[in-house]
Amino acid sequence: MSTLPIIQLGSTGYYVRLYQMNLNGLALNYNGFAIDGNFDIKTSNATKNFQDRFDLVSDGIVGPDTWKVLTENVKAVQKLLNSRGYRAGYPDGWFGANTTQAVQQFQRDNGLYPSGIVEPRTRRRLFDPHPKHSYEVRPSSNDLSSLNPHVAALARRFLDLTRQNQLDVRITYAFRSWDDQDRLFAQGRWLPGDIVTNARGGDSYHNWGLAFDAAPYENGEITTDNEKFIKMGRLGQQVGLEWGGTFKSIVDYPHFQYTFGLKTWDLLNGVTPPA
Ligand SMILES: [Zn+2]
């Protein structure tokens, strides 16, 4: 690939459009930017989100590293499609018409909505055609047994610790079904309400049994006392959980997770947490 220009907020033209096509094709257009060759604020935010996912400097500036990771990801999709008999064309790293049509055909053959976008369900089917566990059809659950065994053990230790600290903490959500996650993603986008997540079904750790939500209760109801949430969060961190109260993008006080150092992208690509 010849040298690609550095693009960022305010850039326009051919390469911005190609760039937007790639992000969109990989289902990273979570905020609905237009594919119009204008590097607007939405494109910039989607870029930071993308850079975050791949541990790149999250500055919204598309330089050689960001271009490389993005085009390599498209190439990986093109190669897999070709190897399965779907004609994505030469794997050039650009999510163009051939790739989109190949994805659509793959989706039709697999009973998926033919969006032409490699959203999580499509990614999983493409990269992990014979998965050990069918997370995508599991129902939502508040029960710790719906979680990965290691995460469930951490959650139990955390609950013990909160009791020792005179907090009445209860689990409000454990495993979340992919359909429920999609409904949450829709909220504030094409359904009423405020935006609460940038994660589609399959793109949240709740969809893999690696996250749960909890809240401190008072008189049978979730407390409105922020201090109690913060105290709860610290106790979760003490047992080795990651707490959503420390998140940069969408701060999420009830949320705890343990990821084994894996991104949801890795999980979708078929990487499994150690047993
Ligand atoms: Zn959560």
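Residues numbered from 1 in each chain as written. Predicted model: local features only at pLDDT ≥ 70, side-chain atom pairs only at ≥ 80, totals over all residues. Heavy atoms only, no water.

(A) Expanded view of the overall build of the protein. Of the regular secondary structure elements, the protein holds nine helices and five strands. Ordered by position from N to C terminus, the α and β elements of the protein give α-α-α-α-α-α-β-α-β-β-α-β-β-α. Relative to the compact-globule value of 19 Å for 275 residues, the protein shows a C-alpha radius of gyration of 20 Å, a close match. Principal-axis analysis of the C-alpha atoms places the extent of the protein at approximately 60 × 40 × 35 Å. Looking at the protein as a whole, 48% of its 275 residues are labelled buried. For the protein, the share of sequence-separated contacts (at least 6 apart) that also reach a separation of at least 24 residues comes to 54%. Accessible area for the protein stands at about 13600 Å²; split by element, carbon and sulfur atoms hold 50% of it. A distance of 5 Å separates the average location of the 29 positive side-chain charges in the protein from that of its 28 negative side-chain charges. (Helix = DSSP H or I, 4+ residues; strand = E, 2+ residues; numbered from the N terminus. Rg over C-alpha atoms; globule rule 2.2 N^0.38 Å. Buried < 20%, exposed > 50% of the residue type's maximum accessible area, 1.4 Å probe, protein only. Contact = heavy atoms within 4.5 Å. Areas by Shrake-Rupley, 256 points an atom, 1.4 Å probe, with all protein chains shown as cover. Lys, Arg positive; Asp, Glu negative; His and termini not counted. Charge placed at Lys NZ, Arg CZ, Asp CG, Glu CD.)

(B) Broad picture of the UniProt feature "domain: Peptidoglycan binding-like" (unreviewed entry) in the protein. Annotation from UniProt places "domain: Peptidoglycan binding-like" (unreviewed entry) at residues 16-70 and 72-126. Between the first and last C-alpha atoms of residues 16-70 the distance is 13 Å; the span itself is 55% helix and 0% strand. Summarising residues 72-126: 58% helix, 0% strand, and an end-to-end C-alpha distance of 16 Å. (UniProt positions renumbered as here; feature names shortened; annotations may be inferred.)

(C) Unusual backbone geometry, seen in detail. Phi at Gln166 takes a positive value of approximately 60°, unusual for a residue other than glycine. With respect to the element layout, Gln166 can be found in the loop between helix H6 (149-164) and strand E1 (168-173). A positive phi angle is found at Phe260, which is not glycine, with a value near 60°. Looking at the secondary structure, you find Phe260 in the loop between strand E5 (255-257) and helix H9 (264-268). On the basis of relative accessible area, Phe260 is assigned to the partly exposed category, the value being 23%.

(D) A look at H6. The end-to-end C-alpha distance of H6, which contains 16 residues, comes to 23 Å, matching closely the 22 Å that a straight helix rising 1.5 Å per residue would cover. Residues of H6 that are buried sit in contact with E1, strand E2 (211-218), helix H8 (226-238) and E5. Sitting at the head of H6, Asn148 places a side-chain oxygen 2.9 Å from the backbone nitrogen of His150. Among the residues trailing H6, Gln166 stands out with phi positive, at a value near 60°. (Expected span 1.5 Å × (residues − 1). Polar contact = N/O pair within 3.5 Å; in protein donor to acceptor, adjacent residues only side chain to side chain.)

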